[in-house]
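Per-entry structural report
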Amino acid sequence: MTQLRYDPSEIEPRWQAIWAEEHTWEVANDNASGRPRSYVLEMLPYPSGEPHIGHLKVYSVGDAIAHFRRRRGAEVLHPMGYDAFGLPAENNALATGEHPRDSTNTSIASFQRQFRDWGISIDWSRELSTADPRYYRWTQWIFVELFKAGLADRREAAVNWCPHDQTVLANEQVIDGRCERCGHEVEIRQLEQWFFKITDYAQRLLDDLGALDWPEHVKTMQRNWIGRSEGAEVDFHQPELEIDYPVFTTRPDTLFGATFFVMAPEHPDVARLAAGTPDERAVHEYINHALTASNAERGATDKPKTGVPLGRHVINPVNGEAIPMFVADYVLMEYGTGAIMAVPGHDQRDFDFAEAHGLEIRRVIEGDELPYTGDGPLVNSGDFDGLPNREAKDQIVSWLQAADRGKGVVQFRLRDWLVSRQRYWGCPIPMIHCPSCGIVPVPEDQLPVLLPDVEDYAPKGRSPLAAAEDWVNTTCPACGTPAKRETDTMDTFVDSSWYFLRYCDARNDDAAWDPQVLAEWMPVDQYIGGIEHAILHLMYARFFIKALADLGHLSFQEPFAALFSQGMITRDGAKMSKSRGNVVSPQSIVERYGADTARSYILFIGPADQDADWSDDGVEGVHRFLSRLWRLAAEIAETGDAEPPPTDPQGADLELLRKAHWAIEKVTHDLDGRFAFNTAISAVMELTNDCYRLRTQVAPGVLRFALATGASLIFPFAPHAGADAYERLTGARVWEEPWPIADPALLERETYELVCQLNGKVRDRLQVPTGLGEDALKELALAAPHLRSHLDGLQVTKVIVIVGKLVNVVAR
RNA sequence: GCGGGCGUGGUGGAAUUGGUAGACACGCCGGCCUUAGGAGCCGGUGGGCGAAAGCCCUUGGGGGUUCAAGUCCCUCCGCCCGCACCA
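Definitions and cut-offs
- Residues numbered from 1 in each chain as written.
- Chains lettered and ligands numbered in written order.
- Predicted model: local features only at pLDDT ≥ 70, side-chain atom pairs only at ≥ 80, totals over all residues.
- Heavy atoms only, no water.
- Phe/Tyr/Trp six-rings, centres within 6.5 Å; stacked < 30°, edge-to-face > 60°.
- Buried < 20%, exposed > 50% of the residue type's maximum accessible area, 1.4 Å probe, protein only.
- Helix = DSSP H or I, 4+ residues; strand = E, 2+ residues; numbered from the N terminus.
- Expected span 1.5 Å × (residues − 1).
- 1 Å grid on protein atoms, 1.4 Å probe; cavity = no way out; pocket = protein on both sides within 12 Å on 5 of 7 lines; lining within 4 Å.
- Points joined across faces, edges and corners; volume = space filled by probe spheres on them.
- Pairing = 2+ DSSP bridges.
- Axes fitted to C-alpha atoms, helices over the stretch in contact; angles between N-to-C directions.
- Contact = heavy atoms within 4.5 Å.

This structure, assessed with the given rule, holds 44 aromatic pairs. Ring centres of Tyr424 and Trp425 lie 6.3 Å apart, and the angle between their planes is 25°; this geometry places the pair in the stacked category. Each member of the pair Tyr424 and Trp425 is classed as buried. Taking the centre distance of 6.0 Å and the plane angle of 70° together, the rings of Phe543 and Phe544 count as edge-to-face. The same class applies to Phe543 and to Phe544, which are both buried. By way of ring pairs, the aromatic residues Phe143, Phe147, Trp194, Phe196, Tyr201, Trp417, Phe493, Tyr540, Phe543 and Phe544 are connected into one cluster.

A few words on helix H17 (residues 536-550). With 15 residues, H17 should reach 21 Å at 1.5 Å per residue; the first-to-last C-alpha distance of 21 Å fits that figure. Burial runs high along H17: 14 of the 15 residues are buried. Note on H17: the residue one or two positions beyond its end, Gly552, has a positive phi of about 85°.

By rolling a water-sized probe across the atoms, one finds the places where empty space is left. According to the stated counting rule, one finds one cavity of 30 Å³ or more in the structure shown. Considered as a void within the structure, the largest cavity measures approximately 30 Å³ in volume. Every residue lining the largest cavity is listed: Leu626, Leu629, Trp630, Ala711, Ile714, Ala721, Gly722 and Ala725. Breaking the lining of the largest cavity down by element, the ones donating at least two residues are helix H20 (616-638), helix H23 (700-714) and helix H24 (719-730).

Sheet architecture is open: four strands sit in the order S2-S1-S24-S25, paired in parallel fashion. Each of the sheet's edge strands pairs with one partner strand only, and the pair in question is strand S2 (75-77) and strand S25 (563-566). Averaged over all pairs of adjacent strands, the angle between their axes in this sheet comes to 20°, without regard to strand direction. Direction of pairing for strand S1 (residues 37-42) relative to S2: parallel, over a ladder of three bridges. Opposite Arg37, over in S2, you have Glu75 as the bridge partner. Across the sheet, helix H2 (residues 53-71) lies against S1, S2, strand S24 (526-530) and S25, angled at about 170° from S1, the strand it touches most.

Right, let's talk about unusual backbone geometry for a bit. Phi is mostly negative for residues that are not glycine, and the peptide bonds are mostly trans. The residue after Leu370, namely Pro371, is reached through a cis peptide bond having omega -5°. Tracing the sequence through the fold places Pro371 in the loop between helix H11 (348-357) and helix H12 (389-402). Cis geometry is found at the peptide bond from Met522 to Pro523, where omega equals -5°. Note on placement: Pro523 falls in the loop between helix H16 (515-521) and S24. In this structure, Asn31 is a non-glycine residue whose phi angle is positive, near 55°. Structurally, Asn31 can be placed in the loop between helix H1 (8-21) and S1. The class of Asn31 is partly exposed, set by a relative accessible area of 25%. Unusually for a residue other than glycine, Glu242 sits at a positive phi of about 55°. If you trace the backbone, Glu242 turns up in the loop between strand S10 (229-238) and strand S11 (243-249).

These figures come from the coordinates and say nothing about function on their own.
Structure below.
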């Protein structure tokens, strides 16, 4: 026997060189091939240091899908780029003085090298980096487009401020009151900042989720984040100040149960209201305390409900009652109107506050013990008494509307997207502040506004760009007088909200894209990424597409038709991290076993959408399998025996041919929309095992066919080994071969095992010919020896026959 | 608290439409080959009783529907994720 050793370190670079030299994975926009198009995309990587195991997983999944679709006849766009702006590179610059551009380029080079080492089938001709002026020129163009459309504006608002990173953050980037990036507690500051009006799209972002082929939990997370609630705005009149204070409520049916009124400590009128009342001093003290309390402290829901009286009253519009006003920190300024009507009888929070402060608790809906939040008929509600509360909602809103004291409204939890950052390494906001003209966009022909070099990256609460005086000082494009550039940079989520468009037309220097070209590829047919972007990136990108479509730049409404969300790879049950010391680097696995093993193992470990724990022993198993497949294929190829399989196979020949066709069917089904990579790989393992088991009993042509089929089927997961084994066996390039199709005749068996049950328990198994009908099967089962021995003394009452599966005899 | 997911051998997992539970792989045990094996090939491996044939038990616990339940329903327990004073 020849001494053939599976050596990925020899095989893999050889095939990678061919793919690179021949530009195998590049696709053109002219659609000369006439094939159906498919856009397969993994989320844009942030290049920091080396790729980690999560990158290996996402590209192993994406590449398997891309290869499968190509061989099923599609022209597949599968590009790559880098989300190259961002804080880590800048923080590194602070520590080392190395320019973020240089450290980022080092990281990009490492990512490029490893993606090639992994053999990912990428169209490198469309590669992009968001920090490249040729790219961010168009990011700036989009910003200006949104500005012109009134969808980008600069305004003062209470915003999240990270004292560590010295910058503001979007709501989505604050997790449990802490900065998503550095984990420091976030403060609330009143600042003038740039916003994108994503709230204008709240309803559409919600409505259009329905048609997306996305995991249900991701859609649910977006729905929760958008947070639509229907209710009413009701005006409560304050007689001394003669001001109407609107409140938002989802329960207008409980309006008669409002026994007090609460304002958020941040409400701008609180100080005015308290002025001159005996409570003024207490109110000031309370506000000071509430506003200086940390987020975490204030956000705790289990703490007692604090608050103080404002010394004033408002009038309940439905019954004219004067109810006392309070300031309390359980009311949030950022939701609704910053003030609420409190209905302690039917709201747990208002109930807690009323109990703590000895306030009246009134029942207005019949039902269980108070606080009662269920449904029921109204009581103590004037003319509305007796009405079921759900009906009363509409009627009370109508009454308010007629009386001009309120109206039905819809509230969203979604806030506008805060996009300015007081940091260096980001896309400059292309705006100019002119003393006479105000805010003026940089004209399109002057884009890009290049990011200047600076000496000092240290954040000082204002952008480091402000120090670049030559850059900051400019002239107003409108009036020509001296003016200053905007010094904030954009949130890096802006960069990644449109990169998938640029891939389609990546080398276009005249426009961000040609809408015609985009229409050919977009939307992305299969998007793949981690659950951590369920809200942030996926919501922002959806907003961008809708806004750009409204501006006439796009002809579609959603960026990602289908989404696959891959699970995390853990080790010893915990997320891999340097501090835990449980990191498995993809590079070390690739060096030791080869890329094919690394990729196949990560898909074999379990369902790709679930978290999975890394096991060093498991890698060995997959490596053993690839080695077995390749080795037998290489051995058989060396025999030079190339006779075709027999036309009328029998015995072992038939058995192995059947197994091969079974594997084709299984892998195809598992890949076709099911993403069941683990079971697909196990099917090829079974085929390989049978090749070994039957190799001395089958005709050479049959073994050759079975092995070539295995090589062909494993190719999407282990492209180098698959291509190598296939070429040795057939002389052909596997990626140029169509995906195999199972022969239906070989999927059917002549006999099968009929399970014979008595009262649901398996008592016998019979080999029966395929095609027997119910009556024949019933007879065979009743005659089955082991079943019969259990039938003594029993009366058969019923026989259930499932043709092709089993017979269940029911007897008492 | 609300919403979602999950719970199967010693381990990762399979079971696609209610129809043979445990595919495939790891680990372990045995055999072959070998000067040698951390290589390779072949076989065994859910638990209990049994010499064997075989029988009984088994998908987190309990209950139900059904000829038949890992799968459907109810209930309890445990773990994970998201949201969380959103009026």
